Amino acid sequence: MVNTALYNSTGTAYLSTTVGAVYSYMDGPRDDRVRYDTPTIMGFTGTGSFSSGGASGAALRYDNKIGAFKVQGGIGYYNQNGISSTNDDEVSGSLSVLHDSGVNASFSAGNRNHKDSSATVSVDDATSIGGSVGYIAKIFGVGPTAFSADVYKAENINRVNTSATTNEWGVTTWGLGAQQSFADIGTDVYLGYRNFDVSAPSTYTGS
């Protein structure tokens, strides 16, 4: 997804930016870090991490079975003020529930605080929100078959105008997917479709 090019349907041309530059699920950092996980107590696990440059993070996760429901969720905080020239910190969280019948649903949301471009200009924060629904069926004897549909929306991920508070990128994406598991050989086959609808800021002049 990071290198997926964007197509301008009005100007009938590809843009110089990519999906990865203007969209994020806000699901945490990918840098090398030192992390400690606490023992799990009643389904809850806490974590704390530090990485070079002064970045730090903390999270609380939950994983447990409650009656006919398998519940997984978490909320995390990531401070990147010391390693980023544009971002201060972010908070994100998610919750997923799977019923014994195979019906499942997930929800996630996040907020990222941008550094203000000057003492007089306050830049809009970045936000991400969305969710999915799915069903895990037993159609074939080789393993379960999973179906899913999701929709997510993100705004202001990329600050292209550091002298203004508005006119940032907005992205809405939705997708459909199906996955077939082959338990005996430990293999999954996945087929999916994803659509991105991107609104560029009025100040964007890229082609």
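Coordinates for the structure precede this section.
Owing to the predicted nature of the structure, the values given are computational and were not obtained by experimental measurement.

J.: What am I meant to see in the pattern of salt bridges here?
T.: Two side chains of opposite charge can pair, provided their charged atoms sit close to one another. Evaluation of the coordinates by the stated rule reveals 6 salt bridges. A salt bridge links D63 to K70; the nearest nitrogen and oxygen atoms lie 2.7 Å apart. Judged by relative accessible area, D63 falls into the partly exposed class, the value being 36%. Using a relative accessible area of 31% as the deciding quantity, one classes K70 as partly exposed. R194 is the salt-bridge partner of D150, the closest N and O atoms lying 2.8 Å from each other. Of this pair, D150 sits in strand β10 (residues 143-155) while R194 is found in strand β12 (residues 187-199), placing the two residues 44 residues apart along the sequence. The buried category is assigned to D150, whose relative accessible area is 16%. Owing to a relative accessible area of 32%, R194 belongs among the partly exposed residues under this scheme.

J.: Teacher, can you tell me more about the environment of Y78 here?
T.: Within the secondary structure, Y78 is located in strand β6 (residues 69-79). Judged by relative accessible area, which is 11%, Y78 ranks as buried. For the pair formed by Y78 and G48, sequence separation is 30 residues and the distance between their alpha carbons is 9.9 Å.

What counts, and at which threshold
- Residues numbered from 1 in each chain as written.
- Predicted model: local features only at pLDDT ≥ 70, side-chain atom pairs only at ≥ 80, totals over all residues.
- Heavy atoms only, no water.
- Salt bridge = Lys/Arg side-chain N within 4 Å of Asp/Glu carboxyl O.
- Buried < 20%, exposed > 50% of the residue type's maximum accessible area, 1.4 Å probe, protein only.
- Helix = DSSP H or I, 4+ residues; strand = E, 2+ residues; numbered from the N terminus.

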